[in-house]
Amino acid sequence: MRLVMFGAPGSGKGTQAERLSTKYNIPQISTGEIFRSLKRGEQIPGMTLSKDVVDEISNIINSGALVPDELTISVLKNRISLPDCKNGFILDGFPRTINQGEVLDKMLSEEGTKIDGVLEINVSDEAIIKRLSGRRTCPACGKTYHITDKLPTEADKEACPEHCANLIQRDDDKEEVIRKRLATYHEVTAKLKPYYEAQGKLVTANGKEKLEDTIAEVDAAMSKIEQ
Ligand SMILES: [Zn+2]
């Protein structure tokens, strides 16, 4: 299963990607994460990028620029040649533009393969804002709570007395920040959804409030993907 995943921040995409990764025994690949590792000087185990390429990527990231599509694709090509991708992979955060979608298709077709499907986790902006802006975080242990349901229990406060009693709202969870990230996400899907729809590869799952309902939606959507 070679899958591209779309989902807004707060859509529950990460949880589903992790579950699908286990279910299909395929890795979840984020080019952003690979670049951050390279920047920290960590090679991805098994990857055979030359020092020149690693230095080039580090310099680009350090300058604040975006890594060019052709370079990203060559890194991705290297990553998916590893044995853990023999059953497929889940791409997360790439492609973001039609050009990236096209270079990805071209690279895969040269490798004799293709993207099987594109899964969109669809959640309304208002639901995401409600979900994320109600989130409160313990600054010390990182545990998160939601103002509409589970605030710290006595046991939580006992485990983390100084902090779980003094929750904060992280900047990332503030409404104006969430709205900006959602706008960026919609730009990506607005461009790429028609691209993959035209290929007959897009399937959509509606993210629900209850995890088991979302799982059912995702599994139903995944069953429509032809491999
Ligand atoms: Zn805590």
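Residues numbered from 1 in each chain as written. Predicted model: local features only at pLDDT ≥ 70, side-chain atom pairs only at ≥ 80, totals over all residues. Heavy atoms only, no water.

(A) Molecular detail of the environment of Ile 168. Secondary-structure assignment places Ile 168 in the loop between α7 (154-159) and α8 (175-198). With 33 residues separating them in the primary sequence, Ile 168 and Arg 135 have C-alpha atoms 8.7 Å apart. Filtering out sequence-adjacent residues up to four positions away, Ile 168 remains in contact with Arg 135, Arg 136, Thr 137 and Pro 139. (Helix = DSSP H or I, 4+ residues; strand = E, 2+ residues; numbered from the N terminus. Contact = heavy atoms within 4.5 Å.)

(B) Quick peek at the sheet that holds strand β7 (residues 202-206). With respect to topology, 5 strands assemble into an open sheet ordered β2-β3-β1-β4-β7, the strand pairing being parallel. Each of the sheet's edge strands pairs with one partner strand only, and the pair in question is β2 (28-29) and β7. Here β2 pairs with strand β3 (residues 89-92) via 2 bridges, running parallel. Each bridged residue has a counterpart across the sheet, and for Gln 28 the counterpart in β3 is Ile 90. Against the sheet, helix α1 (residues 13-24) contacts β1 (2-7), β2, β3 and β4 (117-122), and its axis sits at roughly 165° relative to β1. Taken strand by strand, helix α9 (residues 211-222) contacts β1, β4 and β7, and its axis lies near 165° from that of β7. (Pairing = 2+ DSSP bridges. Axes fitted to C-alpha atoms, helices over the stretch in contact; angles between N-to-C directions.)

(C) View of the coordination of the zinc ion. Coordination of the zinc ion by the protein comes from Cys 138 (SG), Cys 141 (SG), Cys 160 (SG) and Cys 164 (SG), over a distance range of 2.2 to 2.4 Å. One way to put it: the 4 donor atoms around the zinc ion meet at angles of 102 to 117°, and that makes the site tetrahedral. Expressed as a motif, the donor residue spacing for the zinc ion is C-x2-C-x18-C-x3-C. Highlighted residues: Cys 138 in the loop between β5 (135-137) and β6 (144-146) and Cys 160 in the loop between α7 and α8, separated in sequence by 22 residues. Cys 160 carries the same exposure label as Cys 138, and that label is buried. (Donors = N, O, S within 2.8 Å, 3.2 Å for Na, K, Ca; no water. Tetrahedral: all angles 85-135°; square planar, octahedral: opposite > 155°, others 65-115°. Buried < 20%, exposed > 50% of the residue type's maximum accessible area, 1.4 Å probe, protein only.)

(D) Up close: the packing of aromatic side chains. For the structure shown, the criterion picks out 2 aromatic pairs. Relative to Tyr 196, the ring of Tyr 195 lies with its centre 5.0 Å away and its plane at 75°, an arrangement referred to as edge-to-face. Taking the relative accessible area as the measure of exposure, Tyr 195 reaches 16% and is therefore buried. In this structure an aromatic cluster arises from ring pairing among Phe 6, Tyr 195 and Tyr 196. (Phe/Tyr/Trp six-rings, centres within 6.5 Å; stacked < 30°, edge-to-face > 60°.)

(E) Quick peek at helix α5 (residues 98-110). Helix length check: α5 (13 residues) gives 18 Å between terminal C-alpha atoms against 18 Å at 1.5 Å per residue, within 8%. Among the residues of α5, Gln 100, Gly 101, Val 103, Leu 104, Asp 105, Met 107 and Leu 108 are the ones counted as buried. Downstream of α5 by one or two residues, Gly 112 has phi in the positive range, about 80°. (Expected span 1.5 Å × (residues − 1).)

(F) Structural view of the pairing of β4. Buried residues dominate β4, accounting for 5 of its 6 residues. Across 5 bridges, β1 lies against β4 in parallel orientation. When the bridges of β4 are listed, Phe 6 appears paired with Glu 120. Pairing geometry for β4 and β7, over 5 bridges, is parallel. Its bridge partner lying in β7, Val 118 is registered against Leu 202.

(G) Summary view of the packing of helix α2 (residues 31-39) against helix α4 (residues 69-80). The contact between α2 and α4 brings their axes to 11 Å, and the two run at 95°. Between α2 and α4, the crossing angle belongs to the class labelled roughly perpendicular. Residues Thr 31, Ile 34 and Phe 35 of α2 lie in contact with α4, whose contacting residues are Thr 72, Val 75, Leu 76 and Arg 79. In terms of residue class, the contact of α2 with α4 is built from 4 nonpolar, 2 polar and 1 charged. (Parallel < 35°, antiparallel > 145°, perpendicular 65-115°, else oblique. Nonpolar A, V, L, I, M, F, W, Y, C, P; charged D, E, K, R; others polar.)

(H) Local environment of the pattern of salt bridges. Inspection of the entire model under this criterion finds 17 salt bridges. Put simply, Lys 23 and Asp 219 hold a salt bridge, and the shortest N to O gap is 3.3 Å. Of the two residues, Lys 23 is situated in helix α1 and Asp 219 in helix α9; the sequence distance between them amounts to 196 residues. Lys 174 is the partner of Asp 171 in a salt bridge, and the nearest nitrogen-oxygen pair spans 3.0 Å. The exposure class of Asp 171 is exposed, given its relative accessible area of 55%. (Salt bridge = Lys/Arg side-chain N within 4 Å of Asp/Glu carboxyl O.)

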